[in-house]
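What follows is the residue order along each chain.
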Amino acid sequence: MSLTSAVLRFAAPLPNLEDYARFLFLGPHPDDIEIGAGATAAKLAEAGKEICFLICTDGRYGLSNAPAGTTSERLVELRREEARKSAALLGVKNVCFLDFSDGGLYDAREQLRAMARIVGAFQPDVIFAPDPDVSSECHIDHRNVGEAAKILACFAPYPELFEAYGGKAAAVKALAFYMTAKPNRYVKTTGLLQRQLDAIFQCHVSQFPPESEEGRAIRLYLKLRSADHGLRCLSTAAEGFRVLGQTQMHCLPEAGR
């Protein structure tokens with residue numbers, strides 16, 4: 001660690017996510033929030049926090065594991081039903097959907113404006129999103145939503161600027177990236193892993209049929225990730241996030257390390 005990085009830890013400390021009251025979770029597709037941050041969402045809901053899930057595409061092309069004969073239009077309906085059931089299992093009642101097709105087949109600027117409207121309406125303290133800077137991330141929807149989250153979190157506190165993006169200003173305090181390779185904050189989630197797994201594998205059945213090979217791989221990964229992140233924060237289970245406060249969102253390049 002450089003001297004500059006060490007000093008910044010004291011001069012500009014990272015936000016403590018659990019100190020806040022209102023949380024907006026951005027999901028590129030139905031099921032991404034649960035995989036990336038489901039246990040954390042459940043913990044925040046248990047604590048009485050205000051939570052909104054925003055699903056940014058309709059998932060219509062995720063047909064590979066859907067029941068035979070399912071059309072893309074039917075899959076949109078089915079995945080929304082699954083998302084609502086999954087959120088409810090985690091204790092989240094507020095679930096919003098945007099009408100953009102998945103696969104990047106949309107205008108990213110229009111998607112950004114639609115997301116800005118939700119930010120303005122919900123007024124989050126913290127925005128969660130997939131980390132778009134992961135070198136292995138190939139899915140354009142994940143990258144688009146993560147990049148949009150950067151703009152939303154950075155500009156939301158500025159009324160005239162944010163209105164130009166289509167939303168009402170919001171006092172966003174922090175941005176938390178899930179599915180990240182560089183976590184710098186951990187949320188202890190002891191006792192919540194099974195609820196996260198149930199939310200994924202009991203609810204999102206169109207994507208993870210019982211005993212599917214992909215499902216088994218993700219289940220094992222989540223168990224190992226929970227244990228590994230738990231060790232990093234002296235807990236039996238945890239989820240890790242790359243967190244930026246308003247100070248770290250610009251001008252402090254060391255915050256990206």
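Counting starts from 1 at the beginning of each chain's written sequence and moves along it residue by residue. Totals for whole chains, interfaces and linings use every residue, but because this is a predicted model, local features are given only for residues with pLDDT of at least 70 and side-chain atom pairs only at 80 or more, for both listing and counting. Working from all heavy atoms in the structure, the side-chain values ignore hydrogens and water.

A. Highlighting the environment of R84. Here a strand is any run of E in DSSP of at least two residues, a helix any run of H or I of at least four, and the numbering for each starts at the N terminus. In this structure, R84 sits in helix α3 (residues 72-90). Residue R84 is classed as partly exposed on the basis of its relative accessible area of 45%. C-alpha separation for the pair R84 and T247, spaced 163 residues apart in sequence, amounts to 35 Å. Think of it in three bands: with a 1.4 Å probe and only protein chains considered, a residue is buried below 20% of the maximum accessible area for its type, exposed above 50%, and partly exposed in between.

B. Summary view of α3. Helix span, expected: 1.5 Å multiplied by one less than the number of residues in the helix. Over its 19 residues, α3 extends 27 Å from the first C-alpha to the last, a length consistent with the 27 Å expected when each residue adds 1.5 Å. For α3, every residue scored as buried is listed here: L75, V76, L78, R79, R80, E82, A83, S86, A87 and L90. In this fold, the buried residues of α3 make contact with α2 (32-46), β2 (50-55), β3 (94-97) and α7 (193-203). Once α3 ends, the next one or two residues include G91, with phi positive near 95°. Any two residues whose heavy atoms approach within 4.5 Å are treated as being in contact.

C. Looking closely at the pattern of salt bridges. Should a side-chain nitrogen of Lys or Arg be within 4 Å of a carboxyl oxygen of Asp or Glu, the pair is scored as a salt bridge. Enumeration according to the criterion identifies 15 salt bridges in this entry. Between R60 and D58 there is a salt bridge whose closest N-O contact spans 3.0 Å. Neither residue differs from the other here; R60 and D58 are each classed as buried. The closest approach of N and O atoms between K150 and E147, which form a salt bridge, is 3.6 Å. You can see K150 and its partner E147 sitting in helix α5 (residues 140-155), 3 residues apart, about one turn around the helix.

D. Representation of the state of the cysteines in the model. Whenever a pair of cysteine sulfur atoms sits within 2.5 Å, that pair is classed as a disulfide. Under the counting rule described, the total for this entry stands at 0 disulfides. With no disulfide of its own, C52 lies 3.8 Å from the sulfur of C96, the closest cysteine sulfur. Since its relative accessible area comes to 1%, C52 is described here as buried.

E. Quick peek at the environment of I55. Here I55 lies in strand β2. Spatially, the C-alpha atoms of I55 and I218 are 20 Å apart, while their sequence positions differ by 163 residues. Each residue touching I55, except ones within four places of it in the same chain, is listed here: G27, H29, P30, I33, V95, C96, F97 and L98.

F. Representation of the sheet that holds β2. Any two strands are treated as partners once DSSP identifies two or more bridges connecting them. With respect to topology, 7 strands assemble into an open sheet ordered β3-β2-β1-β4-β5-β7-β6, the strand pairing being mixed. In this open sheet, the two strands that pair with only one neighbour each are β3 and β6 (185-188). Pairwise comparison of adjacent strand axes, ignoring direction, gives a mean angle of 25° for this sheet. Pairing between β6 and strand β7 (residues 238-245): 4 bridges, direction antiparallel. Residue pairing in the sheet places Y186 in a bridge with G240 of β7. What counts as an axis is a line fitted to C-alpha atoms, over the stretch in contact for a helix, and the angles between N-to-C directions run from 0 to 180 degrees. Each of β6 and β7 is contacted by helix α8 (residues 213-232), which is oriented at about 60° to β7, the strand it contacts most.

G. How the structure looks around the nonpolar core. Think of a nonpolar core as a cluster: buried Ala, Val, Leu, Ile, Met, Phe, Trp, Tyr and Cys residues, connected wherever their side-chain atoms sit within 4.5 Å. Grouped together as the largest cluster of nonpolar side chains are 33 residues, with contacts concentrated most on L24, L26, L54, M115, V119, I127 and L152. Among the elements of the structure, β1 (22-27), β2, α4 (108-122), β4 (126-130), α5 and β5 (174-178) are those that each provide at least two residues to this core. With 7 residues, the top contributor of residues to this core is α4. Excluding residues that lie within four positions of it along the chain, V119 makes contacts with L24, P124, I127, L152, A156, F162 and A170. Formed by 29 residues, the second largest nonpolar core is a distinct cluster that contains F23, A39, A45 and V95.

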